[in-house]
Structures are given as structure tokens and as C-alpha cells.
Amino acid sequence: MPAVRDLYEILGVAKDADTEDLKRAYRRRARELHPDQGGDEEGFKELTAAYEVLRNPQARANYDRYGDPRGPLGSAGGDPFAGFGDLGDLIETFFGGFGGRQTTRRDSRAGRDAMLDVTLTLEEAAAGLRHEVQTSVQRACEVCDGSGAAPGSGPVRCSTCGGSGAVQQVRNSVFGQVLTSGACPTCGGAGQTILDKCDACFGEGRRRVEETIAIDVPPGVDDGTRLRLAGRGEAGRNRGPTGDLYVRVRVRPHDVFTRDGDDLLCELRIPMAAAALGTQVRLPTLEGEEPFTVPAGTQSGDVLTVRRKGMPKLGGGGIQRGNLHVHCRVETPTRLSEEQRDLLRRLADERGEEIREHGEEKGLFGRLREAFGG
Ligand SMILES: [Zn+2]
Ligand SMILES: [Zn+2]
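This structure is a prediction, so every number in the text was calculated from the model and none was measured.

## Observations regarding the overall build of the protein
Check the secondary structure of the protein and you find 10 helices and 15 strands. Buried residues in the protein amount to 25% of all 374 residues. Considering only contacts within the protein whose residues lie at least 6 apart along the sequence, 63% involve residues at least 24 apart.

Put into C-alpha cells, the structure is as follows:
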């Protein structure tokens, strides 16, 4: 087993790094290593696994104390990620494994991976949903049960290679005669041929069919999340393994909320007097409007946090949820009537606030110019 590197070292952060430090370090390194950018997939997985551990306070505390995110009962000195929740699955879910899996499945008979896009509203991303999509996909032929041979017949041993799938050839080269071994040209290396092909699939063992695929999108997905549905891609030839279905999630921008990880942000405009006196408003949330208290003396730029009104954490079983951050914007009144201006002047006067209104200032300046003979 390769030596397990220190998780902080993998992320390139200090031991006392806070969650923001971790996030920044992860994003920076992830950009360099992301497999889609032609980066190092193993390195990327290692990085992601390290981040998953360190951003989880309990796992991080365990790791700091016992060297294992699972706590004192974890395997001493072993792989700190092994068995840690469904971390492996999580990484698979988010980042697929395009590179690794395809190389192990380069067999020409394996089914291809399929890719689908799903576009959701923010509310749908929060709630999760079953999405049904009509698509054209290769499925095992039901007439021949995927064998490619007509019913009642079956594949027979290839007469060219005698069933071994390989043929030897003598080649003349500059070094003299060379014996080479290659895949049998008749059966393509399968060792079997079909004499009586299935009419339905023309011997392919699979057929393209229109199919409705139901995709269960879990709550908490984000724009760019990629889900992998193992074995839901295209059927392989001649009962070869079925490919995987990748679902790329898109989340539409929302009119009210912007998203920051599991947290949501929204802006709340508050009239000046209401901000000063405090007020009750109806606050939009993902579940509809809710009563919300703006405390007296709220300043423009204040951020009020409503706990657990953000997005559900993906894979959190609906228990963990982010927060809603309400960015307050105090609105200074404009287009004042003369009476309103007077009220404000009286308020300022009462509070001992000195006001030099624009017109007055000009007057003063004018008077100064006069006094100095300008
Ligand atoms: Zn068939
Ligand atoms: Zn053959």
C-alpha cells in the first residue's frame, strides 16, 4: 500500500486552516487537477477525499486526534479514506471516473457510456426529483437475449481460429521470418461466430430503442454536478458489459436567491424608517414566504442569517442544510415632497445632526466669493 500523505499537505494548507482556507485551497488545486482539464485523476481524487474529510468537523477532529477520520476504531495507519462513510461513492458520483473506467473497459464489446443533461430550477435542485427523459439507447436484443444468434441457434466455435480467438501469422521482416499472434479476423477475438444471425438485431445482440429513463436526482445538486448511474448506459455487444449513464445537472439562475455551496443569499431592501425602527417583513424562502424580523437599527450591508433555510447538503439525507444569508439594503428615500424634507430636517435637528443642504452650501460659497470680492 502506498504511503498515505498528510491530508493538510495534500491540500497545501496549515493545520489551523479554517473552512474558507480549505475551500480556497481545494478550488485552486482542483482546477489544476480536474480530469476534464486533462489533469491527474488520481491526484484529483486524493485531493477531493482530503477535502471531504477536513471540511467535516467531526472527521477532521478524529483525523487530528487519531490520524483517522473514523476515530479511534479506524484502521491504525491504514488508508484514512477507506470505509469513511460513502466517500468513495461520493467521489464517484461527483467526478465520475471517466478515465479509469474506460481504460478497464476498452473491450470493443462493452457498451458505451451515455450522457444526458438535466436542467432544474433551484427549487427542484433543493427538493430533488424524479426526472423522466425520452432517449434513444442501445439495449440488449430481447429476441436473441443479447446473443446475436437467431432463436434456436447459437454461436458456434470459430473455424478460423478454432475457438482460441487468436491467429498466428508468419511475417517476413528484415530480421527474417517472425511469428506474430493477433486477434482472429473472422471472430474479432471472440472465438465464436454466429452462422444464423438474429433477424431483429442483425447479429449485434443489441438494438437501438426509444426508452424513457427515470433519473432520481437527489436533493442538493448544484449546477455542474455529475451523477453516475452505473449500468444504465448502452448495452454491450454480445452480452458485453453495459456502459454507465452520466447525468450532467444544470441549475437555472434564480430570481431571488444566489447560491454559495449549500448556503443561499438574498437581498432585502428596507425603507430607511423601517430599518431604524425595526419591522416585520415577509421573507422569501425556498418553501415560500415566512415572517422575518428586521431588528431596529439595521444598517445597509448588514447580513442576517436564517439558519437551515439554505440548500440541503447533497447526500446529507435531508438532515443537513445550509443557511440563508439576508443581505440588507437600506433604501434612502428619494423624490421627497417639501413636507417630507421638513420632517427630515426636523429629525436631523432633533438629533443634533448638522446638515448643509446643497442649495445652502452654494449660497454660502456664493457669499464667501462676495466677501472676498471674487
Ligand atoms: Zn437479436
Ligand atoms: Zn476466430
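## Digging into the nonpolar core
Counting 18 residues, the largest nonpolar core has Leu 122, Ala 125, Val 249 and Val 251 as the members making the most contacts within it. When residues of this core are traced back to their parent elements, those giving at least two are strand 1 (114-120), helix 7 (122-127), strand 9 (245-251) and strand 15 (324-331). The element contributing the most residues to this core is strand 9, with 4 residues. When sequence neighbours within four positions are dropped, the list of residues in contact with Val 251 reads Leu 120, Leu 122, Ala 125, Asp 222 and Asp 223. In this structure, Val 13, Tyr 26, Val 53 and Leu 54 belong to the second largest nonpolar core, which totals 15 residues.

## Observations regarding the sheet that holds strand 11 (residues 263-271)
The 4 strands are arranged 10-11-15-14 in an open sheet whose pairing can be described as mixed. Across the chains shown, the open sheet's two edge strands, defined by having one partner strand only, are strand 10 (258-260) and strand 14 (303-306). Averaged over all neighbouring strand pairs, the angle between strand axes comes to 35°, with direction disregarded. Here strand 11 pairs with strand 15 via 8 bridges, running parallel. The residue bridging Leu 265 from the neighbouring strand is His 325, located in strand 15.

## A few points about the pairing of strand 13 (residues 288-294)
Judged from the 7 bridges that link them, strand 12 (residues 279-285) and strand 13 form a sheet pairing that is antiparallel. Note on strand 13: the bridge partner recorded for Val 281 is Phe 292. Here strand 12 folds back onto strand 13 in antiparallel fashion, the turn holding 2 residues.

## Here we look at the sheet that holds strand 8 (residues 226-229)
Spatially, 1-9-8 is the arrangement adopted by the 3 strands of the open sheet, whose pairing is mixed. The open sheet terminates on both sides in strands that have one partner only, identified here as strand 1 and strand 8. Going across the sheet, the axis of each strand differs from the next one's by a mean of 25°, ignoring polarity.

## Description of unusual backbone geometry
The backbone of Arg 308 sits at a positive phi, close to 60°, despite the residue not being glycine. The residue Arg 308 is located in the loop between strand 14 and strand 15 in this model. One non-glycine residue, Arg 335, lies in positive phi territory at about 50°. Following the sequence through the fold, Arg 335 ends up in the loop between strand 15 and helix 9 (338-350).

## A few points about the environment of Gln 138
With respect to the secondary-structure elements, Gln 138 resides in strand 2 (residues 129-140). In sequence terms Gln 138 and Arg 208 are 70 residues apart; their C-alpha atoms lie 4.2 Å from each other. Aside from chain neighbours lying at most four places away, what touches Gln 138 is Gly 111, Arg 206, Arg 208, Glu 234 and Ala 235.

## A look at helix 4 (residues 57-66)
Buried within helix 4 we find Ala 59, Asn 62 and Tyr 63. The buried side chains of helix 4 occupy one side of the element, clustering within an arc of 100° when seen end-on. Of the exposed residues in helix 4, the ones pointing more than 90 degrees away from its buried face are Pro 57, Ala 61 and Arg 65. Trailing helix 4 by a residue or two, Gly 67 shows a phi angle of about 75°, which is positive.

## What to know about helix 2 (residues 19-33)
The end-to-end C-alpha separation of helix 2 is 21 Å, in line with the 21 Å expected for 15 residues at 1.5 Å each. For helix 2, every residue scored as buried is listed here: Ala 25, Tyr 26 and Arg 29. Projected down its long axis, helix 2 shows its buried positions confined to an angular sector of 100°, all on one face. Turned more than 90 degrees off the buried face of helix 2, the exposed positions are Glu 20, Arg 27, Arg 28 and Arg 31.

## Overview of the confidence of the model for the protein
Per-residue confidence for the protein gives a mean pLDDT of 81; residues scoring 70 or more make up 82%. Taken element by element, the predicted model of the protein shows its lowest mean pLDDT in helix 6 (residues 98-104) (30) and its highest in strand 15 (98). Confidence over residues 74-108 falls short of pLDDT 50; this stretch has 44 contacts with residues more than four positions distant or in other chains.

About the thresholds
Residues numbered from 1 in each chain as written. Chains lettered and ligands numbered in written order. Predicted model: local features only at pLDDT ≥ 70, side-chain atom pairs only at ≥ 80, totals over all residues. Helix = DSSP H or I, 4+ residues; strand = E, 2+ residues; numbered from the N terminus. Buried ≥ 20, exposed ≤ 12 C-beta atoms within 10 Å, placed from the backbone. Contact = placed C-beta atoms within 7 Å. Core = buried A, V, L, I, M, F, W, Y, C linked by C-beta atoms within 7 Å. Pairing = 2+ DSSP bridges. Axes fitted to C-alpha atoms, helices over the stretch in contact; angles between N-to-C directions. Arc of directions from axis to C-beta. Expected span 1.5 Å × (residues − 1). pLDDT = per-residue confidence, 0-100.

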